[in-house]
Amino acid sequence: SLALTADSSVWSFGFGYFGQLGHGDEQDQLLPKKIVAFAGQRVIDVSAGLYHSLALTADGAVFTWGKGESGCLGHGEDLSDQVLPKKIEAWAPGAGR
């Protein structure tokens, strides 16, 4: 599960096996834990899938993390699981969509 607070902090909790909680490991979290990778960024929206998570920042960047199988994280040929939020470069501001 993901939660976005009024101060733009992102918190996650629950099943962490594929890294979808974004804490750099695959540990389950029984209580909400702040995702420190977003320190200094203004996150405006989050979404949680079964085994992956997404965040949108105010500057238009999209970050994904969790199970990378079948390209569901949007990182091109990199199908590896991501245990920390990783920016989707194809949608990075100024990437020439």
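Structural data are supplied above this passage.
Everything quoted here is computed from the prediction, not taken from an experiment.

What counts, and at which threshold
- Residues numbered from 1 in each chain as written.
- Predicted model: local features only at pLDDT ≥ 70, side-chain atom pairs only at ≥ 80, totals over all residues.
- Heavy atoms only, no water.
- Helix = DSSP H or I, 4+ residues; strand = E, 2+ residues; numbered from the N terminus.
- Rg over C-alpha atoms; globule rule 2.2 N^0.38 Å.
- Buried < 20%, exposed > 50% of the residue type's maximum accessible area, 1.4 Å probe, protein only.
- Contact = heavy atoms within 4.5 Å.
- Areas by Shrake-Rupley, 256 points an atom, 1.4 Å probe, with all protein chains shown as cover.
- Lys, Arg positive; Asp, Glu negative; His and termini not counted.
- Charge placed at Lys NZ, Arg CZ, Asp CG, Glu CD.
- Pairing = 2+ DSSP bridges.
- Axes fitted to C-alpha atoms, helices over the stretch in contact; angles between N-to-C directions.
- Polar contact = N/O pair within 3.5 Å; in protein donor to acceptor, adjacent residues only side chain to side chain.
- Core = buried A, V, L, I, M, F, W, Y, C linked by side-chain atoms within 4.5 Å.

### Details of the overall build of the protein
Across its full length, the protein carries zero helices and seven strands. When the helices and strands of the protein are placed in sequence order, the string is β-β-β-β-β-β-β. At 13 Å, the protein has a C-alpha radius of gyration in line with the 13 Å of a compact globule built from 97 residues. Based on the C-alpha atoms only, the size of the protein along its principal axes is roughly 40 × 30 × 20 Å. Scored against the burial criterion, the 97 residues of the protein give a buried share of 35%. Sequence-distant contacts in the protein: of pairs separated by 6 or more residues, those separated by 24 or more amount to 34%. A total of about 5600 Å² of accessible surface is found on the protein, and carbon and sulfur atoms cover 55% of it. Charge centroids of the protein, computed over 7 positive and 11 negative side chains, lie 7 Å from each other.

### Overview of the sheet that holds strand 7 (residues 82–87)
Sheet architecture is open: four strands sit in the order 4-5-6-7, paired in antiparallel fashion. Edge positions in the sheet fall to strand 4 (43–48) and strand 7, since each of these pairs with one other strand and no more. When the angles between neighbouring strand axes are averaged without regard to direction, this sheet yields 15°. With five bridges joining them, strand 5 (residues 52–57) and strand 6 (residues 62–66) adopt antiparallel strand pairing. Each bridged residue has a counterpart across the sheet, and for L54 the counterpart in strand 6 is T64.

### Observations concerning the side chain of T57
Position of T57 relative to the elements: it lies in strand 5. A polar contact is formed between the side chain of T57 and the side chain of D59, at a distance of 2.4 Å. Once residues within four sequence positions are removed from consideration, T57 is found in contact with Q41, R42, V43, I44 and F63.

### Structural notes on the nonpolar core
Listed in full, the 10 residues of the largest apolar core are L2, V10, I35, F38, V43, V46, A55, A61, F63 and W65. Broken down by secondary-structure element, the contributors of at least two residues to this core are strand 4 and strand 6. Excluding residues within four positions of it along the chain, F38 makes contact with V10, V43, A55, F63, W65 and P85.

### A few points about the pairing of strand 5
Residues S53, A55 and T57 line the buried face of strand 5, whereas the alternating positions H52, L54 and L56 sit on a face that is not buried. Note that strand 4 and strand 5 share five bridges and pair antiparallel. Bridged to D45 within strand 5 is L56. Hairpin connection between strand 4 and strand 5: a loop of three residues separates the two successive antiparallel strands. Here strand 5 folds back onto strand 6, and the loop between the two strands holds four residues, one of which, G60, carries a positive phi near 95°.

As far as function goes, none of this settles anything; it's purely spatial.
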